[in-house]
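What the coordinates show
Letter by letter, the chains look like this.
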2 protein chains.
Amino acid sequence: MSLILIAIGGNAILHPEKGNPQEQQEKIDGTCKEIARIIRGGVDVVLTHGNGPQIGNILAMQEECGLVHPQPLDICGAQTQGMLGYLLQRSLLNMFREIGIKKQVTTIITQVIVDGSCESFQNPTKPIGLYYQEERAKTMMNAGVKMIHDRKGYRRIVPSPMPFNIVEEDIIKKLISEGVLVITAGGGGIPVIERNGVLEGIEAVVDKDLTGSLLANKIGAEIFLILTDVENAALNYRKTNQVDLREITVHEAELYIKEGHFGKGSMEPKMLAAVRFIRSGGKSAIISSLDKAIDALAGKAGTRIIA
Amino acid sequence: MSLILIAIGGNAILHPEKGNPQEQQEKIDGTCKEIARIIRGGVDVVLTHGNGPQIGNILAMQEECGLVHPQPLDICGAQTQGMLGYLLQRSLLNMFREIGIKKQVTTIITQVIVDGSCESFQNPTKPIGLYYQEERAKTMMNAGVKMIHDRKGYRRIVPSPMPFNIVEEDIIKKLISEGVLVITAGGGGIPVIERNGVLEGIEAVVDKDLTGSLLANKIGAEIFLILTDVENAALNYRKTNQVDLREITVHEAELYIKEGHFGKGSMEPKMLAAVRFIRSGGKSAIISSLDKAIDALAGKAGTRIIA
């Protein structure tokens, strides 16, 4: 049976700054219903997910509430893995029961090894969490928090280093081979560095699609499926001469990235992750939306990147 | 090789209301070093842990910070499983490397099925989280939060139903049989109920030692080792006629519980969990402290409850 790694966004679970637990549950159930339908189609799935809105909420609570010691980013990330893993695994089990799939589901708390000397630790670029107004932002910056300013306000920025190893790789493979649906490397994985053989947590957030591509290679996934808000990638996106991309080679993808066709922080990192997967020996990567996922796997929607 | 289920308290990781991330790391490393020494002694270990201080901190942040939607207790519990599982698994891996043990470690996000019609949902009794002063407590109670008052102030109380099934049992057993050290059912497991075959999260906290005893039975552990703050259980605790208990039968344990020898909310639930383990077919349960754990396993410390 072919193995697919599916990466879903943290927004597939909860929109930042809104969404009560009830709305959150409905959103997760919708996502898990589609994933169950994909599996019923006769493939094996490993699931990874983003955590942007969730880790943003945890940071916001820590910053606003002086009562308890704030936890560093690696620990916040681990919290979101537990939370989102639980919500996804329970919902998936329920969907499987509903449509008669006999499959076990588990969440593996997953650490990814990053390079501690990576450039991104000197110059963090990844925006995270809530937007703040000027006065509050200045207080935070004076306290050492690095922030950027855009049209919506000030936002914290953190390092986003490249992942290059997954600590729990062997366990994940073992469970896949037993037919278990594994939810893993949530939020891009918990970033750790290895110093003299000792694993240490580090203040960073790893791009979930980059970790997804690494994971897809490590587990030998045939397809790396990135689900996002749009049905496919496009050239001249949202311009009159927009061209939707159906099937492109990895070489074409690299060219289009270089030409700046894809949005920074939105489509570009997805395309980069797809390219990385193919360049490391993967067969095909697909970028599409949740509701078009089945069509995309059948070659009837989405953008497919091949060797 | 004999299999031991070890249950450690949330206080073995972080004292409530104090402890910065650095102190937290040192405490965890100390705990994991002892667990690694136990494993080097030639046994297999499954690890479970409490989450009292940690879930208390999350609740406190949610209550103090109006920015984001508060998450229900099952989701808060899942967050602590991710957070504490990560900290323990990283530290254990480091300790294993240090003393030359080749063993993989993973945290399994674990749901426990409880009875939704259980009495404890009508009359919650389990205190949780921070203490509040009268004024703040009254506001919270007016908003529907159930609280009790003791000499230290007001504290939230929540249902603590009996666990009777572990959703991820088969996956846990599979990993144990592969020689993986599994961290599971943290904080007593995430409480869910089963309604018409559908799993639903529920607002409760399950006693970690009760879930530990269930888990120890399910996985066929030879010994259920509960680690706490004291070296052993005692009759007439802290009185001039205190009698330390070394080895007692389950029948004696039940008698002493009935006579009220053990502190409510401290030693009593541990003794009840030990009794439940033996009454369900377990061989021996041991209650001792972390630093006496190896002596206790050798029969030289702690309180052992046998059939």
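Anything mentioned here points back to the structure above.
The rules behind these values
- Residues numbered from 1 in each chain as written.
- Chains lettered and ligands numbered in written order.
- Predicted model: local features only at pLDDT ≥ 70, side-chain atom pairs only at ≥ 80, totals over all residues.
- Heavy atoms only, no water.
- Helix = DSSP H or I, 4+ residues; strand = E, 2+ residues; numbered from the N terminus.
- Contact = heavy atoms within 4.5 Å.
- Areas by Shrake-Rupley, 256 points an atom, 1.4 Å probe, with all protein chains shown as cover.
- Lys, Arg positive; Asp, Glu negative; His and termini not counted.
- Charge placed at Lys NZ, Arg CZ, Asp CG, Glu CD.
- Polar contact = N/O pair within 3.5 Å; in protein donor to acceptor, adjacent residues only side chain to side chain.
- Buried < 20%, exposed > 50% of the residue type's maximum accessible area, 1.4 Å probe, protein only.
- Pairing = 2+ DSSP bridges.
- Salt bridge = Lys/Arg side-chain N within 4 Å of Asp/Glu carboxyl O.
- Nonpolar A, V, L, I, M, F, W, Y, C, P; charged D, E, K, R; others polar.
- Least-squares fit on C-alpha atoms with pLDDT ≥ 70 in both.
- Axes fitted to C-alpha atoms, helices over the stretch in contact; angles between N-to-C directions.
- Parallel < 35°, antiparallel > 145°, perpendicular 65-115°, else oblique.
- Left-handed = near helix turned anticlockwise from the far one by under 90°.

**Regarding the overall build of chain A**
- Looking only at helices and strands, chain A features nine helices and 17 strands.
- Each principal axis of the C-alpha distribution contributes one length, and for chain A these read about 55 × 45 × 45 Å.
- Nonlocal contacts in chain A, meaning residues at least 24 apart in sequence, comprise 73% of its contacts between residues at least 6 apart.
- With the model as given, the accessible surface of chain A reaches about 12,600 Å², and the carbon-plus-sulfur share is 48%.
- Mean positive and mean negative side-chain charge positions of chain A (34 and 35 charges, respectively) differ by 3 Å.

**Thoughts on the side chain of glutamate 169 of chain A**
- On the secondary structure map, glutamate 169 of chain A appears in helix H5 (residues 169-177).
- Within the structure, glutamate 169 of chain A has its side chain in polar contact with the side chain of lysine 173 of chain A (distance 2.6 Å).

**As for the pairing of strand E2 (residues 44-49) of chain B**
Residue and element names in this part refer to chain B.
- Counted residue by residue, E2 has six buried out of six residues, so it is predominantly covered.
- In E2, alternate side chains face the same way, and those of Asp44, Val46 and Thr48 on one face and Val45, Leu47 and His49 on the other are all buried.
- In terms of strand pairing, strand E1 (residues 3-8) meets E2 through six bridges, oriented parallel. Looking at the pairing, leucine 5 lines up with valine 46 of E2.

**Notes on the interface of chain B and chain A**
- Each partner contributes residues to the interface: chain B has 55 residues there, and chain A has 55 residues.
- Where chain B touches chain A, the interface holds four salt bridges.
- Among the ionic pairs, arginine 97 of chain B bridges to glutamate 194 of chain A, the shortest N-O distance being 2.7 Å.
- Counting across the chain B and chain A interface gives 22 residue pairs in polar contact (both at pLDDT 80 or more).
- Of all the elements in the fold, those that place two or more residues in the side of chain B that touches chain A are helix H1 (21-40), helix H2 (52-64), helix H3 (73-99), strand E3 (105-108), helix H5 (169-177), strand E10 (190-195) and strand E11 (198-201) of chain B.
- The biggest single contributor to the side of chain B that touches chain A is H3 of chain B, with 13 residues.
- Of the residues assigned to the side of chain B that touches chain A, the class counts are 27 nonpolar, 17 polar and 11 charged.

**Comments concerning the relation of the copies chain B and chain A**
- Superposing chain B onto chain A requires a rotation of 180° together with a translation of 0.0 Å along the rotation axis, leaving an RMSD of 0.0 Å. Viewed as a symmetry operation, the transformation between the two copies matches a two-fold axis.
- When the interface residues of chain B are mapped onto chain A, 100% of them are again interface residues, pointing to one common binding face.

**Observations regarding the packing of helix H1 (residues 21-40) of chain A against helix H3 (residues 73-99) of chain A**
All names here are of chain A.
- Between H1 and H3, the least distance of the axes is 8 Å, while the angle of their chain directions is 55°. Taken together, H1 and H3 sit at an angle that is classed as oblique. H3 is crossed by H1, and the crossing has right-handed handedness. Of the residues in H3, those touching H1 at Gln24, Gln25, Ile28, Asp29, Cys32, Lys33, Ile35, Ala36, Arg37, Ile39 and Arg40 are Met83, Leu87, Leu88, Arg90, Ser91, Leu92, Met95, Phe96, Glu98 and Ile99.
- The class makeup of the residues in the contact of H1 with H3 is 12 nonpolar, three polar and six charged.

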